[in-house]
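# Residue-level structure breakdown
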Amino acid sequence: MGRGGIGGAAAMETADSTRAFVKDVRRVIIKVGTAVVTGQTGRLAMGRLGSLCEQVKQLNFQGYEVILVTSGAVGVGRQRLQYRKLIHSSFADLQNPQMDFDGKACAAVGQSGLMAIYDTLFSQLDVTSSQLLVTDRDFKDPSFGDQLRETVFALLDLKVIPLFNENDAISTRRQPYEDPSGIFWDNDSLAALLAAELSADILIMLSDVEGLYSGPPSDPQSKIIHTYVNEKHGKLISFGEKSCVGRGGMQAKVVAAVNAASKGVPVVIASGFATDSIIKVLKGEKIGTLFHNEANSWECTKEATAREMAVAARDCSRWLKKLSSEERKKILLDIADALEANEDAIRRENEADVEAAQDAGYEKSLVARMTLKPGKITNLARSIRAIADMEDPISHTLKRTEVAKDLVFEKAYCPLGVLLIIFESRPDALVQIASLAIRSGNGLLLKGGKEAMRSNAILHKVITGAIPDSVGKKLIGLVTTKDEIADLLALDDVIDLVIPRGSKNLVSQIKATTKIPVLGHADGICHVYIDKSADMDMAKRIVLDAKVDYPAACNAMETLLVHKDLNKTEGLDDLLVELEKEGVVIYGGPVAHDKLKVPKVESFRHEYSSMACTLEFVDDVHSAIDHINRYGSAHTDCIITTDEKAAEAFLQQVESAAVFHNASTRFCDGTRFGLGAEVGISTGRIHARGPVGVDGLLTTRCILRGSGQVVNGDKGVVYTHRDLPLQ
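The protein chain is annotated in an unreviewed UniProt entry as Delta-1-pyrroline-5-carboxylate synthase of Panicum virgatum. Under the UniProt heading Function (unreviewed entry), the entry covering the protein chain gives this text: "P5CS plays a key role in proline biosynthesis, leading to osmoregulation in plants. Involved in abiotic stress tolerance."

Take a look at the structure:
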């Protein structure tokens, strides 16, 4: 095995950047808390122990050196002694039970039982374990460390799992508040001590919570702290009550973790209740709370990087805004030329991404979206040139009004500032978005999906290479790691708009985690309504195109509404047969389910595959409108009818961003609308709606040109409010 064998290279690509060190981990110490080993009654939690042992077996098989430090003996012993006392108690004793037991006696009774369970579980997995009991007093002997290392390293060479426990039965140590001179005082501090003594590469401490929180874990406002920085979190964290079955609690774990990290051993506190926490930690996934001796510098560097990137984009955008329209146009034309000149290099990087995605088992639809097919670069260059030829939007005057004599008010377009675009799969989106940002005078930060990492990098390099030094290459920043997103989303004082392009979960998550305005859509539930007067041949063409042309697109039809009078007609029957021939699975709303005997839809805002379609019958156009306004996502909806009155009612009353008459919903696209490209489709009711092109990346500002006027309580001011021609 090579180091970091869990999950291999593919897993490491998904690792959080602060956990990249796990690829070099070989020796692992796992500390198991009492609350993980036992339940509230003190009985062994066999399911959790079994999962723990299976993970240890996997690590052992992969070539990791695994050492366990386990608590639980006192709890197990207490439970056993309670049982023995109960069965030997008289009736009078049972009336007034006394169940307080000496902790050392509990440890002596429980230790053998705990080790026997570990031995049995490991034996079933063909793993050999060994028991090592230590006390604080042992470490006071200068020669003990050498003897300990000799024994443990010999066991590890034989692929035996050493199981450490503090020998509570004969321990003389006191709690740290009673005797701060102690070497260790519980299994948490023992684990930290062993991590340093045995030169561990990582210490994983399993607890009954997912990690360290900013407040009580039960408080919805509490957030998990993924990276602990002592200077930042040390005075802010308050600890609740410790587990009722253990001695240490979270505070003891944090003290031990800080101690181990200060000696160069990274520590992760994670949940022992999850079945795969250890494996996920060693894959580098961002779970639990990490303690690392370089965490303070990471935090400062990461925050500075995110802010500096956003500030640089804003500064460059101000230089861009100063350029003339022709100068900005030339930048776009240079980018188009550069893309075509570097097509071979771009295609090579894209092919490498596609091959890696296929090897990783990504869905075919995702691989298709990320593939730059032959002719795509040419089409992108053509799109950029079309954007360059557009009328200059910056400082375009929308309105001029004479407020009073020699006092003129103007409303004009201006750039938003800095845009953060988070997109998935499509590297061509990077090109489109960058072009629109340059034409509209905005700075830009881009975060693409990891599956198209190489494609995004080469496209970013080519595009920024065509930006003149007078503007600055940092006009467009490329975010390369997922964990940077959280830092950028916190910069509401620098970033002006976030546009997520991707799944519903992506959009919803971003909206929930930032104060920056978000432009986008979380759902693409598009309707086509076939009115009773519809030309059914036209209806068949439109519906098939809306559903089948590109089923995974956000503007593809999800729900087909049909006037009730068309039920059992030849035209509708032919349409449904054609949909089924194309592989579309039809579900029915309550009415359609009863009439057509198709599977019943669970919700009109369903989560079925892209090849599913909901069908429902409605009474008339007004019922269709009500249905769409109630269940739709305000994306794109269409009516097919020859009744102009019904069409007008639909177009005026459906509250969606795009409403069509006798045309496929697939036309809802920035390029098809003549916008050159789009940064996304917005279903919100503020700012831009529908496909968002250049004008959607602009806001307005008010300009007032005067000749010395003052308000002075409006004395002597004669307001004319007369419209003036645009200049």
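### Considering the pattern of salt bridges
Under the definition given, this model contains 29 salt bridges. Between E578 and K581 there is a salt bridge; the shortest N-O distance is 3.7 Å. Residue E578 and its partner K581 are both found in helix α22 (residues 570–581); the two are separated by three residues, about one turn of the helix. Under the relative-accessibility criterion, E578 is labelled partly exposed at 24%. The class for K581 is exposed, based on a relative accessible area of 62%. Within the structure, one salt-bridge network assembled from shared partners comprises R26, R27 and E65.

### Some words on the packing of helix α21 (residues 536–548) against α22
The contact between α21 and α22 brings their axes to 10 Å, and the two run at 25°. By the angle between their axes, α21 is roughly parallel relative to α22. As α21 packs across α22, the resulting crossing turns out to be right-handed. Contact residues: M536, K540, V543, L544 and K547 in α21; G571, L572, D574, L575, E578 and L579 in α22. The class makeup of the residues in the contact of α21 with α22 is six nonpolar, one polar and four charged.

### Things to note about the packing of aromatic side chains
Inspection of the entire model under this criterion finds five aromatic pairs. Ring plane angle 20° and centroid distance 6.3 Å describe the contact between Y118 and F122, whose orientation is recorded as stacked. Remark: F122 and Y118 occur in helix α6 (residues 103–124); sequence separation between them is four residues, near one turn of the helix. As far as the burial class goes, Y118 and F122 line up, both buried. A ring pair is formed by F660 and F673, whose centres lie 6.3 Å apart and whose planes are at 65°; its orientation type is edge-to-face. One end of the pair, F660, is in strand β20 (residues 658–661); the other, F673, is in the loop between β20 and β21 (680–682), with 13 residues separating them in the sequence. Look at F660 and you get buried, because its relative accessible area is 11%. On the accessibility criterion, F673 (41% relative accessible area) is partly exposed.

### Here's the deal with the side chain of K253
Turning to its location among the elements, K253 is positioned in helix α10 (residues 249–262). By relative accessible area, K253 is classed as buried at 8%. In this structure, K253 is in contact with K31, D188, M205, L206, S207 and I269, ignoring residues within four places of it in sequence.

### Some thoughts on the sheet that holds strand β14 (residues 497–501)
Two strands in a sheet stick together by hydrogen bonds in their backbones, pointing the same way (parallel) or opposite ways (antiparallel). Spatially, β13-β12-β11-β14 is the arrangement adopted by the four strands of the open sheet, whose pairing is parallel. Two strands lie at the open edges of the sheet, namely β13 (476–479) and β14, each paired on one side alone. Averaged over neighbouring strand pairs, the angle between their axes works out to 20° when direction is ignored. Of the strand pairs in this sheet, strand β12 (residues 443–447) and β13 are connected by four bridges, and their pairing is parallel. From the neighbouring strand, L444 faces β13, where its bridge partner is I476. Contacts between helix α18 (residues 453–465) and the sheet are confined to β11 (418–423) and β13, with β13 contributing the most and set at about 165° to the helix. The strands touched by helix α20 (residues 504–512) within the sheet are β11 and β14, with β14 carrying the most contacts at an inclination of about 160°.

### A look at the environment of F604
In this structure, F604 sits in the loop between α23 (590–596) and β18 (612–618). Of the residues examined, F604 reaches a relative accessible area of 11% and is grouped as buried. Along the backbone, F604 and G588 are 16 residues apart, and their C-alpha atoms lie at a distance of 9.4 Å. Setting aside its immediate chain neighbours within four residues, F604 contacts I525, T559, G589, P590, T614, E616, H627 and Y631.

### Things to note about α20
Buried residues of α20: L506, V507 and I510, and no others. The buried side chains of α20 occupy one side of the element, clustering within an arc of 95° when seen end-on. Exposed side of α20, more than 90 degrees from the buried face: N505, Q509 and A512 are the residues found there.

### Details of the packing of helix α13 (residues 325–341) against helix α17 (residues 427–440)
Contact geometry of α13 with α17 gives a least axis separation of 9 Å together with a crossing angle of 165°. One way to sum up the angle between α13 and α17 is to call them roughly antiparallel. With respect to the hand of their crossing, α13 and α17 are arranged in right-handed fashion. Note on element contacts: α17 touches α13 through V431, S435, I438 and R439, opposite S325, R328, K329, I331, L332, I335 and L339.

Definitions and limits used
- Residues numbered from 1 in each chain as written.
- Predicted model: local features only at pLDDT ≥ 70, side-chain atom pairs only at ≥ 80, totals over all residues.
- Heavy atoms only, no water.
- UniProt positions renumbered as here; feature names shortened; annotations may be inferred.
- Salt bridge = Lys/Arg side-chain N within 4 Å of Asp/Glu carboxyl O.
- Helix = DSSP H or I, 4+ residues; strand = E, 2+ residues; numbered from the N terminus.
- Buried < 20%, exposed > 50% of the residue type's maximum accessible area, 1.4 Å probe, protein only.
- Axes fitted to C-alpha atoms, helices over the stretch in contact; angles between N-to-C directions.
- Parallel < 35°, antiparallel > 145°, perpendicular 65-115°, else oblique.
- Left-handed = near helix turned anticlockwise from the far one by under 90°.
- Contact = heavy atoms within 4.5 Å.
- Nonpolar A, V, L, I, M, F, W, Y, C, P; charged D, E, K, R; others polar.
- Phe/Tyr/Trp six-rings, centres within 6.5 Å; stacked < 30°, edge-to-face > 60°.
- Pairing = 2+ DSSP bridges.
- Arc of directions from axis to C-beta.

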